[in-house]
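Descriptive structure summary
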Amino acid sequence: MGSGGRLYCAFISACLVVLGMLLMLQVFVGFRAPGPRWVTKDGVTFTIISIDNSRDGAQPGGGARGNQPERSGSPRGFETRGAVFLESEAGVLWDYMPQFYQDENENFTQKQSDRSQIDLQPWAGGQPSFTAEVQRFIEYISTTQVHCARELTAGEPQEEKVLAGSWTVCLEGWFLNREVGPCVAYSFSLDQKDAGFVSRMASLAGCEVHQFDPGARPVPGRDEREVKRHQTWLDWREPKHGSRRNTPKKLGLIMESLGHHKVEFVQADLESAEWKVLENLVLDGTLGRIQQLVVTVHLHWAGFEVGGSEAGVVRFWYSLLKELQGAGYRLLHSATGPGHTILRHRLAGVSSTYTLSWVNTRWNY
């Protein structure tokens, strides 16, 4: 045999040896690998080996990267986007894996509930300017966005448009479903300044009315059956541990304590706490459980726990009300109150307080 023939035989022998080693390695891995095994119709067994596809690997401290769900049994680079059926080679049908969808949905829900601040709108003039922010804000809260054919107002229809601090709610049938029972109305105000709202919501709208005033005391001779009165107040912070029953609470906790999942009407004059309370309603999702919102906003100072430059404060106010619009709320009515001062600046043509009536156009029972 020539030298060429000998080289050819050596090459074939080497290939056979390598092939045999590969087959032995596959059998060894099949016995030792921890992954699940899948059998094709032809009786061939496959073992799925989980491979970490993270580029970053483990983070400092030895923890896993983020809150990604385990993907044991998934091929490298596999990404889940909901309920998925996967087909492998040679006709193998992988098990349905809903846990990936559930894990990702839970992560998404957690991120939504963990939202800690509202989205600020761009500066009105492209840069900080108190004058530009005030002009944009006043124009926004003075322009109604929705029409109602049947309104309940603070006074007689011919008088309502000129009453300082007046309010309006919509009583159209498509808003109020009488088949599910009487409407529910909450009113938060100090020193009984909401007496007109409470009376008209109970007698004319036929609602179950709850009045909240921490300083209220029973009045002799007054019929207390028409309105349920509570000596508590509305807050944007969690109540302290061991607090008394009438300690200020978030609206969601008040609704839960009274057994109300949703409330048709909420009226609030919170004496400059309205901005933080509104922010809390946006961030914790309670806003979607209210059908109509009547809020008196105070502009003579920034409000509790609201800070920054004067332009920044007004921008925050505007951004917060835009969050209401993003949640489906539309301005039904705007009424001016006393004073002409915004953040200590006396300005012509503006008021220090406005009572804004909003309707949730995404409401459903």
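Residues numbered from 1 in each chain as written. Predicted model: local features only at pLDDT ≥ 70, side-chain atom pairs only at ≥ 80, totals over all residues. Heavy atoms only, no water.

What follows covers the side chain of Thr232. Relative to the helices and strands, Thr232 resides in the loop between β7 (227-230) and α6 (251-258). In this structure Thr232 comes out as buried when scored by relative accessible area, which is 9%. From its side chain, Thr232 meets the backbone oxygen of Thr247 in a polar contact 3.0 Å long. (Helix = DSSP H or I, 4+ residues; strand = E, 2+ residues; numbered from the N terminus. Buried < 20%, exposed > 50% of the residue type's maximum accessible area, 1.4 Å probe, protein only. Polar contact = N/O pair within 3.5 Å; in protein donor to acceptor, adjacent residues only side chain to side chain.)

Let us look at the packing of aromatic side chains. Within this structure, the stated rule accounts for 10 aromatic pairs. Between Tyr140 and Tyr318, the ring centres sit 5.3 Å apart and the planes meet at 80°, which makes this aromatic pair edge-to-face. Taken together, the residues span a long stretch of sequence, with Tyr140 in helix α3 (residues 130-141) and Tyr318 in helix α8 (residues 310-326) at a distance of 178 residues. Between Phe188 and Trp233 the ring centres are 6.5 Å apart and the planes differ by 75°, which places this aromatic pair in the edge-to-face class. Of this pair, Phe188 sits in strand β5 (residues 184-188) while Trp233 is found in the loop between β7 and α6, placing the two residues 45 residues apart along the sequence. Three or more aromatic residues joined by ring pairs make a cluster, and in this case those are Tyr186, Phe188, Phe212 and Trp233. Directly above the aromatic system of Trp236 lies the positively charged group of Arg237, at a separation of 4.2 Å from the ring centroid. Its guanidinium or amino end placed over the ring of Trp123, Arg315 lies 4.2 Å from that ring's centre, counting from NZ or CZ. (Phe/Tyr/Trp six-rings, centres within 6.5 Å; stacked < 30°, edge-to-face > 60°. Lys NZ or Arg CZ within 6 Å of the ring centre and 35° of its normal.)

As a further point, take the packing of helix α7 (residues 274-284) against α8. Contact pair α7 / α8: the axes reach a minimum separation of 10 Å and the direction vectors enclose 40°. Considering the relative orientation of α7 and α8, their crossing is left-handed. Facing Trp275, Leu278, Glu279 and Val282 of α7, the residues of α8 in contact are Phe316, Trp317, Leu320, Leu321, Glu323 and Leu324. (Axes fitted to C-alpha atoms, helices over the stretch in contact; angles between N-to-C directions. Left-handed = near helix turned anticlockwise from the far one by under 90°. Contact = heavy atoms within 4.5 Å.)

Our focus in this paragraph is the side chain of Gln267. Checked against the element boundaries, Gln267 lands in strand β8 (residues 263-268). In terms of polar contacts, Gln267 uses its side chain to reach the side chain of Ser187, at 2.7 Å. Dropping the residues within four chain positions of it, Gln267 is found in contact with Tyr186, Ser187, Phe188, Ser189, Asp194, Phe197 and Val294.

On to the pattern of salt bridges. Evaluated as defined, the whole model comprises 8 salt bridges. The partner of Arg136 in a salt bridge is Glu133, and the shortest N-O contact between them spans 2.8 Å. Of this pair, Arg136 and Glu133 both sit in helix α3, 3 residues apart, roughly one helical turn. Here Arg136 and Glu133 have matching classes, each one buried. Of the charged contacts, one joins Arg344 and Glu310 as a salt bridge, the two residues approaching to 3.7 Å between their closest N and O atoms. Pair noted here: Arg344 is in the loop between β11 (341-342) and β12 (345-346) and Glu310 is in helix α8, with a separation of 34 residues, a long-range link. Residue classification places Glu310 among the partly exposed residues on the basis of a relative accessible area of 27%. (Salt bridge = Lys/Arg side-chain N within 4 Å of Asp/Glu carboxyl O.)

This part takes up the confidence of the model for the protein chain. Averaged over the protein chain, the pLDDT score is 75; the fraction of residues at 70 or greater is 63%. Note that residues 157-164 has pLDDT below 50 and, in this model, 13 contacts with residues that lie over four places away or in other chains. (pLDDT = per-residue confidence, 0-100.)

Turning to the state of the cysteines, a few remarks are in order. Inspection of every chain in the model, using the stated rule, returns 2 disulfides. At a sulfur-sulfur separation of 2.1 Å, the disulfide partner of Cys148 is Cys170. Judged by the sign of its S-S torsion, about 85°, the bond between Cys148 and Cys170 is right-handed. Of this pair, Cys148 sits in the loop between α3 and β3 (151-153) while Cys170 sits in strand β4 (residues 168-170), and the two are 22 residues apart along the sequence. (Disulfide = S-S within 2.5 Å.)

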